[in-house]
Amino acid sequence: MAGPVQALEDRAVACANHLKTAERVVLASHIDADGLTSAGIAATALERAGIEFEVVFKKQLDDHEIATIAAREEETVLFTDFGSGQLDAIADHEAAGDFTPVIADHHQPADAETEYHLNPLLEGLDGASELSGAGASYVLARALEPEDVDNRDLARLAVVGAVGDMQAVGGELVGANREIVAEGVEAGVLEEGTDLAFYGKQTRPLPKLLEYASEIRIPGISNDQNGAIRFLDGLGLDLKRDGEWRRWVDLDHEERRTVASSLVQQALKKGVPADKVDGLVGTTYTLLAEPEGTELRDASEFSTLLNATARYERADVGLAVCLGDRADGLERARKLLRNHRRNLSEGLQWVKETGVTQEENLQWFDAGEEIRETIVGIVAGMAVGVDGVDRDRPIVAFARKNEEETKVSARGTGRLVAQGLDLSAVMGEASAEVGGGGGGHDVAAGATVPAGREQEFVELADELVGEQLG
């Protein structure tokens, strides 16, 4: 059966054929939602193909971590959701005979060559919006299929990874991701639909759904618990059961239509621009095998659950959920998610109280040890649009990594990217100038810099952003 992305077919087949010759494979993957789903897809595909493997997760892939992987002394290493950007160091190990790399990634490749390299950027596809790491792993998984196996069920994890990697452009997956969605729909594991574009439709009670919705801010409802309740009470609907607020998933079609149309009217009444009001409704991706009302039913909520595992050093839990553990693994993940949400809430509150510093072209804050370095980028993204944080400038966030290093996370918007913003280039160039390293995507990127050189980094990054945006 032909693969889902024709432009990558030859690369996928070459990578798959090499993996089939390996006695045993080290599967090394990143720890965010895209990395965890990448590992879940690759692990399942390897197991179905009868290839022995072990999984290792890395928060970042630097020279030291690559050396620890080489020390495992396996002939083949499969890198998923990273590896392209570190190809120069990986190629050195390959040349030394330490291992043969197979890479399924979507980040900007370093200036080096290797034979088994599956990356959309190598074939003119956008790795920031058209194919995620999980998508690259899915393309590889389809090429790994034995004759009696159909890996299209793994499309559901590829969609979760893409959504978690912020690849839903205007609320919808595009490019090569569309082909993966189509395969998931054909396989009966995915449903693509149109619905309210708010996070939490499966699990949040209605007032919380509206209060915390950051996609479109509606004065009098967004960030206003009492306002959200007043709005719902005024609709003339029975939105409670046994005294408890229902969730969006509990409403029937007519109830949803009433709430959605009333939200549109309220937004327009409060002066929200018509083009933004259109964003109240968007494309949704539903995982049909998962029970309604759970975090796993919706691609966006599933990705958040996964993010809550590895960011607290429990990538094994996230992988277990990807591999189908709906007992102990899922319960542990939910506990980590509750902790994650509390930390995000506290981090966002810290930013609101402390504020950000405005430069000419960007804005930034230094959380020190107040926010974990593994979640500071998420907090930065959540902070865009709150009082004092400009939606029209990229935001850069610092957090203490250790005594010697500071973690940097940067977030932009699709509109800024359309104007020329490329945060991957900004993070890479500015961090290199101060003795660090970084990269990522145009809309979201990160770096590590030596402690004490943060201000110098800000000045360099500000200048680079200014050059990009003219």
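In this text the structure is predicted, and so the values were computed from the model without any measurement.

A.B. asks: Run through the side chain of Asp 32, naming residues and quoting values.
C.D. replies: Following the sequence through the fold, Asp 32 ends up in the loop between strand 1 (24–29) and helix 2 (33–48). Buried charge Asp 32 goes without a salt bridge, the closest partner of opposite sign being Arg 311 at 5.0 Å. A distance of 2.7 Å separates the side chain of Asp 32 from the backbone nitrogen of Gly 35, its partner in a polar contact. If we skip the residues at most four places from it in the chain, Asp 32 touches Asp 81, Asp 165, Asn 307 and Arg 311.

A.B. asks: How would you explain the pattern of salt bridges if you had to name every residue and give the values?
C.D. replies: One pass over the full model with this rule turns up 31 salt bridges. Here Arg 24 makes a salt bridge to Glu 54, at a shortest N to O gap of 4.0 Å. Of this pair, Arg 24 sits in strand 1 while Glu 54 sits in strand 2 (residues 52–57), placing them 30 residues apart in sequence. Owing to a relative accessible area of 28%, Arg 24 belongs among the partly exposed residues under this scheme. Here the salt bridges do not stand alone but share partners, grouping Arg 24, Glu 52, Glu 54, Arg 72 and Glu 74 into one network.

A.B. asks: Can you explain the environment of Leu 344? Please cite residues and give values.
C.D. replies: As for its placement among the helices and strands, Leu 344 is situated in helix 14 (residues 328–354). Along the chain, Leu 344 and Ala 327 lie 17 residues apart, while their C-alpha atoms are 26 Å from each other. Apart from residues lying up to four places away in sequence, Leu 344 is in contact with Ile 375, Ile 378, Val 379 and Met 382.

A.B. asks: With reference to specific residues and values, describe the sheet that holds strand 5 (residues 116–118).
C.D. replies: Taking strand neighbours across the sheet as the criterion, the five strands line up as 2-1-3-4-5 in an open arrangement whose pairing is parallel. The open sheet has two free edges, formed respectively by strand 2 and strand 5, since each of these has just one partner strand. Shown here is a sheet whose adjacent strand axes are inclined to one another by a mean of 20°, direction ignored. Bridge count between strand 1 and strand 3 (residues 76–80): five bridges; the pairing is parallel. From the neighbouring strand, Ala 28 faces strand 3, where its bridge partner is Phe 79. Helix 2 rests against strand 1, strand 2 and strand 3 of the sheet, and its axis sits at about 165° to strand 1.

A.B. asks: If you had to explain the nonpolar core to someone new, which residues and values would you point to?
C.D. replies: Membership of the largest hydrophobic core comes to 84 residues, with the highest contact counts inside it found for Leu 19, Leu 78, Leu 140, Phe 365 and Ile 371. In this view, Leu 78 contacts Leu 19, Val 25, Val 26, Leu 27, Ala 28, Ala 42, Leu 46, Val 102 and Leu 140; residues no more than four positions away in its chain are not counted. Ile 218, Trp 248, Ala 260 and Leu 280 belong to the second largest nonpolar core, which has 23 residues in total.

A.B. asks: Go over the packing of helix 3 (residues 63–70) against helix 4 (residues 87–95) with me, naming the residues and quoting the values.
C.D. replies: For any two helices packed against each other, the geometry is given by the interaxial angle and the distance between the axes. Viewed as axis vectors pointing N to C, helix 3 and helix 4 meet at an angle of 30°, and their least axial separation amounts to 10 Å. It follows from the interaxial angle that helix 3 and helix 4 lie roughly parallel. Once helix 3 is placed against helix 4, the crossing between them reads as right-handed. Contact with helix 3, carried on its side by Asp 63, Ile 66, Ala 67 and Ala 70, involves Ala 89, Ile 90 and His 93 of helix 4 and no other residues of that element.

A.B. asks: Could you give an account of the sheet that holds strand 11 (residues 363–366), naming the residues involved and the relevant values?
C.D. replies: Strand order in the open sheet formed by six strands is 10-11-12-13-15-14, and the pairing between neighbours is mixed. The sheet is open, and its two borders are formed by strand 10 (357–358) and strand 14 (437–440), each paired with just one other strand. Inspection of the sheet shows strand 11 paired to strand 12 (residues 395–400) by four bridges, in the parallel sense. Within the sheet, the bridge partner assigned to Gln 363 lies in strand 12 and is Ile 395. Here helix 17 (residues 423–433) sits on the sheet in contact with strand 12, strand 13 (405–411), strand 14 and strand 15 (444–450), set at roughly 5° to strand 15.

A.B. asks: So what about unusual backbone geometry? Which residues, and what values?
C.D. replies: Look at Glu 73: it is not a glycine, yet its phi comes out positive at around 60°. By secondary structure assignment, the location of Glu 73 is in the loop between helix 3 and strand 3. Since its relative accessible area comes to 67%, Glu 73 is described here as exposed. Phi angles above zero are rare outside glycine, and Asp 242 is one such case at about 55°. As for its position among the elements, Asp 242 is in the loop between strand 7 (240–241) and strand 8 (244–245). Since its relative accessible area comes to 84%, Asp 242 is described here as exposed.

A.B. asks: Now, about the environment of Ile 218: what can you tell me, with residues and values included?
C.D. replies: With respect to the helices and strands, the residue Ile 218 is situated in the loop between helix 8 (206–211) and helix 9 (225–233). Given a relative accessible area of 3%, Ile 218 falls into the buried group. Between the alpha carbons of Ile 218 and Asp 88 there is a distance of 48 Å; along the sequence they are 130 residues apart. The residues touching Ile 218, leaving out its near neighbours within four places in the chain, are Leu 263, Gln 266, Ala 267 and Leu 280.

A.B. asks: Can you lay out the packing of helix 17 against helix 18 (residues 454–469) for me, pointing to particular residues and giving the numbers?
C.D. replies: Remark: helix 17 packs on helix 18, axes separated minimally by 9 Å, with the N-to-C direction vectors making an angle of 145°. As helix 17 runs across helix 18, the sense of the crossing is right-handed. Taking contact as the criterion, the partners of Ala 425, Val 426, Met 427, Glu 429, Ala 430, Ser 431 and Glu 433 in helix 17 are, on helix 18, Phe 457, Leu 460, Ala 461, Leu 464, Val 465 and Gln 468. In the contact of helix 17 with helix 18, the residues fall into nine nonpolar, two polar and two charged.

A.B. asks: Residue-level account of the environment of Arg 341, with values.
C.D. replies: Along the chain, Arg 341 falls in helix 14. Judged by its relative accessible area of 32%, Arg 341 falls in the partly exposed class. When the C-alpha atoms of Arg 341 and Asp 462 are compared, they prove to be 31 Å apart, with 121 residues separating the residues in sequence. The contacts of Arg 341, once residues within four sequence positions are left out, are Tyr 199 and Thr 203.

Cut-offs and rules
Numbering of residues begins from 1 in every chain and follows the order in which that chain's sequence is written. Only residues with pLDDT of at least 70 are given local features in this predicted model, and only at 80 or more are side-chain atom pairs given and counted; all residues enter the totals for whole chains, interfaces and linings. Side-chain numbers here rest on the full set of heavy atoms in the structure, without hydrogens or water. Counting from the N terminus, the helices are the DSSP runs of H or I reaching at least four residues and the strands are the DSSP runs of E reaching at least two. Accessible area is worked out with a 1.4 Å probe on protein chains only. A residue is then buried under 20% of its type maximum, exposed over 50%, and partly exposed in between. Charged residues are defined narrowly, with Lys and Arg counted positive, Asp and Glu counted negative, and His plus the chain ends left uncounted. A side-chain nitrogen of Lys or Arg and a carboxyl oxygen of Asp or Glu constitute a salt bridge if their distance falls within 4 Å. Pairs of N or O atoms within 3.5 Å make up the polar contacts considered here, provided that, within protein, one atom can donate a hydrogen while the other can accept it, and that residues adjacent in sequence are counted only when both atoms are side-chain atoms. The contact criterion used throughout is that any non-hydrogen atoms of two residues lie within 4.5 Å. Pairing between strands is defined by DSSP: at least two bridges between the two strands are required. Convention adopted: a line fitted to C-alpha atoms gives each axis, helices being fitted over their contacting stretch, and angles between N-to-C directions are expressed from 0 to 180 degrees. Within this scheme, the nonpolar core is defined by two criteria: the residues are buried Ala, Val, Leu, Ile, Met, Phe, Trp, Tyr or Cys, and they are joined through side-chain atoms within 4.5 Å. Throughout, the term roughly parallel applies to angles under 35 degrees, roughly antiparallel to angles over 145, roughly perpendicular to angles from 65 to 115, and oblique to all others. By convention the crossing between two helices is left-handed if the near helix lies anticlockwise of the far one by an angle smaller than a right angle, and right-handed if it lies clockwise. Lys, Arg, Asp and Glu make up the charged group, whereas Ala, Val, Leu, Ile, Met, Phe, Trp, Tyr, Cys and Pro make up the nonpolar group; the residues left over, Gly among them, are polar.

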